[in-house]
Amino acid sequence: MTGAVASVDDVLGCRTDGEGLSFELGRNMHGAFGGAFGGAVAACALRAARRVAPGRTPASLDVRFLRGLPAGTAHAAATVLHAGRSLTTVSVDIADSTGRAAARATVGLADPAALHPSDTPSAEKAGLTGYSGGSDWTTPDGVEIPIVATLRPRVLGAGPSWVATGLRAPWDVAAGAEAACLAADMCVGPPVAAACAGKWIPHPNPDLSLRFVGEVAEPDLVGVGRLQRISGGLAAVGITVWSGDDVVAVGVCSSMLLARR
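This one's a predicted model, so the numbers in the text were calculated from it and none came from an experiment.

**Student:** What exactly am I supposed to notice about the nonpolar core here?
**Tutor:** Looking at soluble globular proteins, one finds that nonpolar side chains tend to be buried together. Of all hydrophobic cores here, the largest spans 67 residues; its most connected members are Leu12, Val92, Ile94, Leu208, Phe212, Ile239 and Val241. Setting aside its immediate chain neighbours within four residues, Phe212 contacts Leu46, Pro58, Ala59, Ser60, Leu61, Ala177, Ala180, Cys181, Val248 and Ala249. If you look at the next biggest cluster of nonpolar residues, it comprises 7 residues, including Leu156, Trp162, Val222 and Val224.

This is the structure:
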């Protein structure tokens, strides 16, 4: 991807499907562990939630990846759990073309008119190189990760327990929260992989939780994944997503280090 020129719906193949939405996620959108890249699945959940809560702004996302979503058509059904004066809560179920459940998400969307126009930055961005100055991701021998060729993530910096990953959103910044999902899910693997230096241990993340706290102003995003701890094969990774000098999302995910059988 060389720039953010397409719409998010074009990239995800989104269209109305009865009372819900359908998406076309090809093999090019697959991750390392079989099935669609989690960031793309999370973005689909946001698209579906926005449809049933028009005019509201994504504030939170909690998604559980239940099984790998194969290439082809996916279906998303969104249900409004509660429509409050300031916050609407939506449940989204995503299934494959056969109807098998692949992910479940809960999305919170705020009414901008109900919020005080406060803006108080509190995080400081470490000195990182820009996307054009980063180094392309390399994949382990024998491990195919199609999404790497599609989004071309780059390493922009690293330190003890953390790695910064840059990417360019493949759609316009109007879908900034969806783009933040891509950057967030892309950055969670490298710090776990770094902790397993010298050997490849599969480490899928079965969940992703994000809180959206700013507007994406440009296509270049930076996701910083920080390994908090690995214990008994379970890892926790903290996430910060930057657009320029501003934080636009923070979150956490689990990773599972799988024993070879």
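**Student:** Would you take a moment to explain the side chain of Asp185 for this structure?
**Tutor:** The residue Asp185 is located in helix α4 (residues 176-186) in this model. Within the buried set, Asp185 has no salt-bridge partner at all; the shortest N-O distance to an opposite charge, 11 Å, is to Arg64. Within polar-contact distance, the side chain of Asp185 engages the side chain of Asn205 at 2.8 Å. With residues near it in sequence (within four places) discarded, Asp185 still touches Phe37, Gly38, Gly39, Phe65, Asn205 and Leu208.

**Student:** Sorry if this is basic, but what is going on with the packing of aromatic side chains here?
**Tutor:** Here a ring pair, both rings aromatic, is described through the centre-centre distance and the interplanar angle of the planes. In this structure the tally under the stated criterion is 1 aromatic pair. Ring plane angle 5 degrees and centroid distance 6.2 Å describe the contact between Phe33 and Trp200, whose orientation is recorded as stacked. Pair noted here: Phe33 is in the loop between β2 (20-25) and α2 (38-52) and Trp200 is in the loop between α5 (189-195) and β10 (207-212), with a separation of 167 residues, a long-range link. On the accessibility criterion, Trp200 (25% relative accessible area) is partly exposed. The lysine or arginine in question, Arg154, covers the ring of Tyr131, its NZ or CZ lying 4.7 Å from the ring centre.

**Student:** Can you walk me through unusual backbone geometry in this structure?
**Tutor:** Note: most peptide bonds trans; most residues except glycine with negative phi. Even without being glycine, Arg152 reaches a positive phi, approximately 50 degrees. Relative to the helices and strands, Arg152 resides in the loop between α3 (146-151) and β8 (154-159). Given a relative accessible area of 31%, Arg152 falls into the partly exposed group. Of note in this structure, Ser161 is not a glycine but carries a positive phi near 80 degrees.

**Student:** Help me out: how do you make sense of empty space enclosed by the protein in this one?
**Tutor:** A water-sized probe rolled over the atoms picks out the places where empty space is left. The tally for this structure, following the rule as stated, stands at 1 cavity of 30 Å³ or more. The space that makes up the largest cavity amounts to roughly 40 Å³. Around the largest cavity, the lining residues are Glu19, Gly20, Leu21, Ala48, Arg51, Val52, Ala76 and Ala78. The greatest single-element share of the lining of the largest cavity, amounting to 3 residues, is contributed by α2. Residue classes in the lining of the largest cavity are distributed as 5 nonpolar, 1 polar and 2 charged.

**Student:** Explanation requested: the side chain of Thr88 in the structure shown.
**Tutor:** Within the secondary structure, Thr88 is located in strand β5 (residues 87-95). Only 3.0 Å separates the side chain of Thr88 from the side chain of Arg56, close enough to count as a polar contact.

**Student:** How should the layout of surface pockets be read in this particular structure?
**Tutor:** In this structure, the largest pocket spans a volume of roughly 1,000 Å³. Together, 42 residues line the largest pocket, and Ala32, Phe33, Gly189, Trp200 and His203 are the ones closest to its centre. Take the lining of the largest pocket: its biggest share by element is 3 residues, from α5.

**Student:** How should I be thinking about a nonpolar patch on the surface in this particular structure?
**Tutor:** A contiguous nonpolar surface patch, about 260 Å² in accessible area, is contributed by Leu234, Met256 and Leu258. Checked against the element boundaries, Leu258 lands in the segment after β13 (246-256). For Leu258, a relative accessible area of 38% gives the class partly exposed.

**Student:** Help me out: how do you make sense of the pairing of strand β6 (residues 101-110) in this one?
**Tutor:** The side chains of a regular strand alternate, first on one face of the sheet and then on the other. Extensive coverage of β6 is indicated by the burial of 7 of its 10 residues. Where strand β3 (residues 57-65) meets β6, 8 bridges bridge the pair, whose relative direction is antiparallel. The partner of Thr57 across the bridge, within β6, is Ala110. Linking two consecutive strands that pair antiparallel, namely β5 and β6, is a turn of 5 residues; a positive phi of about 95 degrees is found at Gly99 within it.

**Student:** Is there a simple way to explain the pattern of salt bridges in this structure?
**Tutor:** Opposite charge on two side chains permits them to pair, given that their charged atoms come into close proximity. All told, the structure shown has 11 salt bridges when counted by the stated rule. Arg47 is the salt-bridge partner of Asp9, the closest N and O atoms lying 3.2 Å from each other. Pair noted here: Asp9 is in helix α1 (residues 8-12) and Arg47 is in helix α2, with a separation of 38 residues, a long-range link. Relative accessible area serves as the criterion here: at 28%, Asp9 is assigned to the partly exposed category.

Reading the values: the criteria
- Residues numbered from 1 in each chain as written.
- Predicted model: local features only at pLDDT ≥ 70, side-chain atom pairs only at ≥ 80, totals over all residues.
- Heavy atoms only, no water.
- Core = buried A, V, L, I, M, F, W, Y, C linked by side-chain atoms within 4.5 Å.
- Buried < 20%, exposed > 50% of the residue type's maximum accessible area, 1.4 Å probe, protein only.
- Contact = heavy atoms within 4.5 Å.
- Helix = DSSP H or I, 4+ residues; strand = E, 2+ residues; numbered from the N terminus.
- Lys, Arg positive; Asp, Glu negative; His and termini not counted.
- Salt bridge = Lys/Arg side-chain N within 4 Å of Asp/Glu carboxyl O.
- Polar contact = N/O pair within 3.5 Å; in protein donor to acceptor, adjacent residues only side chain to side chain.
- Phe/Tyr/Trp six-rings, centres within 6.5 Å; stacked < 30°, edge-to-face > 60°.
- Lys NZ or Arg CZ within 6 Å of the ring centre and 35° of its normal.
- 1 Å grid on protein atoms, 1.4 Å probe; cavity = no way out; pocket = protein on both sides within 12 Å on 5 of 7 lines; lining within 4 Å.
- Points joined across faces, edges and corners; volume = space filled by probe spheres on them.
- Nonpolar A, V, L, I, M, F, W, Y, C, P; charged D, E, K, R; others polar.
- Patch = residues over 30% accessible without salt bridge, like charges linked within 9 Å, V, L, I, M, F, W, Y side chains within 5 Å.
- Areas by Shrake-Rupley, 256 points an atom, 1.4 Å probe, with all protein chains shown as cover.
- Pairing = 2+ DSSP bridges.

These figures come from the coordinates and say nothing about function on their own.
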